[in-house]
Amino acid sequence: MKNKTNIVLIGFMGSGKTSIGKMLAEKLGKRFLDTDELIRQECGMEISEIFHKFGEEYFRNKEKETVERAAAREGTVIATGGGVVLNPENMEKLRRSGIIVWLRASEEEILQRISGDASRPLASNKSESEILEIYSKRLNLYATYADIIIETSGKDKEAIAIEIIKHLKNSYSNNGKYGNIIGEFQRVRQMKVKIINGPNMNLLGLRERDIYGESTLEEINQHLEKRAREMGVLVDFFQSNSEGEIVDEIQGCIGQYDGIVINPGAYTHYSIAIRDALEAVKLPVIEVHMSNIFAREDFRRVSVTGQKASGIIAGLGETGYWLALLALKDLIEKRGREGVNEFGKN
Ligand SMILES: Nc1ncnc2c1ncn2[C@@H]1O[C@H](COP(=O)(O)OP(=O)(O)O)[C@@H](O)[C@H]1O
Ligand SMILES: O=C(O)C1=C[C@@H](OP(=O)(O)O)[C@@H](O)[C@H](O)C1
Ligand SMILES: [Mg+2]
């Protein structure tokens, strides 16, 4: 089973999931995802409008799809909508992906924060007693699913974010009950890059050494791993001689890696399947060729895969891989700053 690396905030409307979740992610240097925000973006309308036009059931289906995608993330603070607990499937997925933190707020504070709030369709046209009735029906569910309960009443938002971090750290050092989630956060906080090598690259060091150099792929990867560590980047390696496997590997990068360095080997020149996969995942990609593909046979001058890369490095041998890593890191950081690295939005 995969380690739990997400922190999932649950609780009633107005308990602070969205606002405290953002702060928590910022303090941990982690990504933040709000399922309501994703639904809003995808539907191109406010949650209240979705309820009004299509009804609650439609919204709950959208919520279910969004939760599934959120739960596939790693190292993310996930703020849910107050009704996420109504569907056990949602909670099963979220539980597998992270620690569930219930932000508990008093009835008074909830009413104060959400009464008449037009953006919350289940609160906007309801009396205070009707809102509290929904709250009391759900309390049991929040309690059932919570790994950790954080009492928020009378505390300010920042203090609550700090308390969550302390709680998670303490529970790890005391009994390890939830695993080292903060440690996991630090780990996944690092940029993750997949290095993919295509056909015949497994023969490096043996084949055409005058063109490809003396190092084996394993040696190149070891050197690259060392460089990556110095740069604070986590790298995973993959090599295959088969087109389908490379396509699968590229697809598997969705939501798991921040970028790809690829040397597609001879597939460079004709694999539309690899080209389409690179396009589909919408991640930054640097293509590498050890030899100068423009100084060899005519058929090597075309790179169909390179058309979907952010950049191409050719002719610099092993050095090309770490130059690619440097360039990729820069690209990923820029994207992060522009806030476009949510899956589906790249
Ligand atoms: N502990 C708190 N103290 C003061 N205001 C808070 C606190 N938690 C949340 N709020 C405010 O209450 C409102 C609802 O918070 P929000 O984060 O949207 O909650 P949720 O996502 O759980 O519905 C926001 O205006 C937020 O700033
Ligand atoms: O409690 C609920 O059923 C809902 C809560 C809202 O999110 P917040 O809890 O962030 O307000 C939003 O998902 C939708 O309006 C339904
Ligand atoms: Mg919210």
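This is a predicted model, so every value here is computed, not measured. (Residues numbered from 1 in each chain as written. Chains lettered and ligands numbered in written order. Predicted model: local features only at pLDDT ≥ 70, side-chain atom pairs only at ≥ 80, totals over all residues. Heavy atoms only, no water.)

Chemist: Go over the pairing of strand 1 (residues 6–10), please, and point to the residues and values.
Modeler: Buried residues dominate strand 1, accounting for 5 of its 5 residues. With burial as the criterion, each face of strand 1 is covered, one bearing Asn-6, Val-8 and Ile-10 and the other bearing Ile-7 and Leu-9. Across 5 bridges, strand 1 lies against strand 4 (residues 98–104) in parallel orientation. Paired with Ile-10 across the two strands is Trp-102, which belongs to strand 4. Sheet topology note: the strand 1/strand 3 (residues 76–79) ladder contains 3 bridges and is parallel. By the bridge assignment for strand 3, Ile-7 is matched with Val-77. (Buried < 20%, exposed > 50% of the residue type's maximum accessible area, 1.4 Å probe, protein only. Helix = DSSP H or I, 4+ residues; strand = E, 2+ residues; numbered from the N terminus. Pairing = 2+ DSSP bridges.)

Chemist: Any details on the UniProt feature "active site" (unreviewed entry) in the protein chain? Residues and values, ideally.
Modeler: Residues given the UniProt feature "active site" (unreviewed entry) here are Tyr-212 and His-289. The largest pairwise C-alpha distance within this set of annotated residues, which runs over 78 residues, is 9.4 Å, so the set is compact in three dimensions. By relative accessible area, Tyr-212 is classed as buried at 9%. Those residues in contact with Tyr-212 that sit more than four places away from it in its chain are Leu-204, Arg-207, Met-290, Ser-291 and Arg-296. When you line up the elements, His-289 lands in strand 9 (residues 285–289). (UniProt positions renumbered as here; feature names shortened; annotations may be inferred. Contact = heavy atoms within 4.5 Å.)

Chemist: Pulling in residues and values, what's your account of the side chain of Asp-258?
Modeler: Structurally, Asp-258 can be placed in the loop between helix 13 (243–251) and strand 8 (259–263). Reaching out from Asp-258, the side chain makes a polar contact with the side chain of Arg-31 at a distance of 2.5 Å. (Polar contact = N/O pair within 3.5 Å; in protein donor to acceptor, adjacent residues only side chain to side chain.)

Chemist: Which residues make up the sheet that holds strand 5 (residues 148–151), and what values go with them?
Modeler: One open sheet holds the 5 strands; their spatial order is 2-3-1-4-5, and the pairing between them is parallel. Each edge of the sheet is formed by a strand with only one pairing partner; in this case those strands are strand 2 (31–34) and strand 5. Across the sheet, the mean angle separating the axes of adjacent strands is 25 degrees when strand polarity is ignored. When strand 4 meets strand 5, the two strands line up parallel, connected through 4 bridges. When the bridges of strand 5 are listed, Leu-103 appears paired with Ile-150. (Axes fitted to C-alpha atoms, helices over the stretch in contact; angles between N-to-C directions.)

Chemist: If you had to explain the sheet that holds strand 6 (residues 191–197) to someone new, which residues and values would you point to?
Modeler: Spatial ordering of the open sheet is given by 7-6-8-9-10, a layout of 5 strands whose pairing is parallel. Of all strands in the sheet, those with a lone pairing partner are strand 7 (233–239) and strand 10 (311–314), marking the two edges. The average angle at which neighbouring strand axes cross in this sheet is 20 degrees, direction not considered. As paired strands, strand 6 and strand 7 are joined by 7 bridges and run parallel to one another. Considered in strand 7, the bridge of Met-191 is made with Val-233. Contacting strand 6 and strand 7, helix 12 (residues 217–231) runs over the sheet at an angle of about 160 degrees to strand 7.

Chemist: Provide a residue-level description of the domain arrangement of the protein chain, including the pertinent values.
Modeler: Buried accessible area, meaning the area lost when the parts come together, often serves as the stated size of an interface. Once the domains are mapped, the protein chain shows domain 1 (6–186) and domain 2 (191–338). The distance between the C-alpha centroids of domain 1 and domain 2 comes to 39 Å. (Domains from an automatic or database assignment.)

Chemist: Please provide a residue-by-residue account of the packing of aromatic side chains, values included.
Modeler: Summed over the entire model, instances satisfying the criterion amount to 5 aromatic pairs. The residue whose ring lies beneath Arg-104 is Trp-102, and the NZ or CZ to ring-centre distance is 5.2 Å. In this structure, Arg-227 is placed above the aromatic ring of Trp-322, and the distance from its NZ or CZ to the ring centre is 4.1 Å. (Phe/Tyr/Trp six-rings, centres within 6.5 Å; stacked < 30°, edge-to-face > 60°. Lys NZ or Arg CZ within 6 Å of the ring centre and 35° of its normal.)

Chemist: With reference to specific residues and values, describe the site of ligand 2.
Modeler: Lining the immediate environment of ligand 2, one finds 13 residues, of which Lys-17, Asp-36, Arg-60, Arg-120 and Arg-138 sit closest. The separation between an oxygen atom of ligand 2 and a polar side-chain atom of Asp-36 is 2.8 Å. A distance of 2.8 Å separates an oxygen atom of ligand 2 from a polar atom in the side chain of Arg-120. In isolation ligand 2 exposes 380 Å². Once the protein is present, 96% of that is buried. Looking at the shell around ligand 2 residue by residue, the class counts come to 5 nonpolar, 3 polar and 5 charged. (Near = heavy atom within 4 Å. Areas by Shrake-Rupley, 256 points an atom, 1.4 Å probe, with all protein chains shown as cover. Nonpolar A, V, L, I, M, F, W, Y, C, P; charged D, E, K, R; others polar.)

Chemist: Can you tell me about the UniProt feature "site: Transition state stabilizer" (unreviewed entry) in the protein chain, naming the residues and giving the values?
Modeler: With numbering matched to this structure, UniProt assigns "site: Transition state stabilizer" (unreviewed entry) to Arg-207. Here Arg-207 shows up in the loop between strand 6 and helix 11 (209–212). Not counting residues up to four positions away in its chain, the partners in contact with Arg-207 are Asn-200, Met-201 and Tyr-212.

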